[in-house]
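# Working through the structure, step by step
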Amino acid sequence: MHLRLALLAAPLLLANTAPAPIPQPMKAMLDAAMASGSEAEVETVAKYARAAAPEAAPAIAASIDAWRKDRAAKRELALREAGPFELWHGRAELGGYMTTGNTQDIGLSGAIDLSRETVRWRHKLHLATDYKKSAGVVSREHYLASYEPNFKFSPRGYVYGAAQYESDRFLGYTDRYSTSVGAGYSAIKQPAVSLDLEVGPAYRDTAFTDGTKESSVAARGSLDFGWKLTKTISLSQAASAYMQHYNSTVSSTTAVNAKLIGPLAAKFTYAVQYESMPPVGRVGTDTTSRASLVYSF
């Protein structure tokens, strides 16, 4: 008798323990948010859906988890199958000024950044220039080009290579070539905050404005910090150091980026470069402040 009652009650017990389905209007809103691809929109809809139908919270969580897993699988597949000319992203930066009348000044600054990231590889290319001319005399002329490939052997760790060319006769050198290999680690890897640290040996070859040349093994270290303060404002800090027996170099760039309309943003930058042993007659520390427009693509 007891066994028969238990068998009859089993379906009722299972029905009581099964998660309640998501109400149809809320499910339609959640499906629309998922179709948009916006994580923030999905979280907002899910928050109100859980408040309106708390009994459906497990079903809502399961639906979102399945969406995230499917999204991650599709993204990984796209990264693996992408061709060498796909997945490139970048931004172009341009700033400057010109005065006429009592003073005849012109100042220009520009930069291009390109990056490509796949499951295992990340590539970063940076080109930049600064130029200033006052009363017919050039007082600032700086050129920089760098390329860095990264091989990611874990979610946070990677091996990097770096090649860089610089020219800045006002800092005391006409040509400087630098190469480096080493290890990198993503110490912070969050949607709003990121921090990458790198360290490794390097080799530098420098031609100074006084006619001397210097080649030396060095130690290179760098950090790249990013912080998204709001939806439209972000802060970044990039710094690097080449430490060697003769003329070590430390550089730092602090930037505030504010989105304007669509792909356009305003950027304010303060850069410092220090040379420990510049040629005679040259100052060791150089600072540059910039205001520019940035176009992301």
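Residues numbered from 1 in each chain as written. Predicted model: local features only at pLDDT ≥ 70, side-chain atom pairs only at ≥ 80, totals over all residues. Heavy atoms only, no water.

With that settled, consider the overall build of the chain. Tallying secondary structure elements over the chain gives four helices and 12 strands in all. Relative to its length of 297 residues, the chain is extended, with a C-alpha radius of gyration of 27 Å against a globular reference of 19 Å. For the C-alpha atoms alone, the extent of the chain along its principal axes is close to 105 × 50 × 30 Å. For the chain, the residues scored as buried account for 31% of the 297 residues in total. Of the contacts formed within the chain by residues at least 6 apart in sequence, a portion of 49% connects residues at least 24 apart. (Helix = DSSP H or I, 4+ residues; strand = E, 2+ residues; numbered from the N terminus. Rg over C-alpha atoms; globule rule 2.2 N^0.38 Å. Buried < 20%, exposed > 50% of the residue type's maximum accessible area, 1.4 Å probe, protein only. Contact = heavy atoms within 4.5 Å.)

Spanning 25 residues, helix 4 (residues 57-81) covers 36 Å between terminal C-alpha atoms, matching the ideal 36 Å at 1.5 Å per step. Looking only at helix 4, the buried set comprises Ala59, Ile60, Ile64, Trp67 and Leu79. On its buried face, helix 4 sits against helix 2 (24-36), helix 3 (39-52) and strand 2 (105-117). (Expected span 1.5 Å × (residues − 1).)

Per the counting criterion, the structure on display carries four aromatic pairs. Ring centres 5.0 Å apart and planes at 45 degrees place the aromatic pair Tyr165 and Tyr177 in the tilted group. Note that Tyr165 is positioned in strand 5 (residues 157-168) and Tyr177 in strand 6 (residues 173-189), a separation of 12 residues in sequence. Judged by its relative accessible area of 47%, Tyr177 falls in the partly exposed class. Seen from the ring of Tyr158, Arg122 lies directly overhead, with NZ or CZ sitting 4.9 Å from the centre. Arg176 extends its terminal NZ or CZ atom over the ring of Tyr173, reaching a point 4.0 Å from the ring centre. (Phe/Tyr/Trp six-rings, centres within 6.5 Å; stacked < 30°, edge-to-face > 60°. Lys NZ or Arg CZ within 6 Å of the ring centre and 35° of its normal.)

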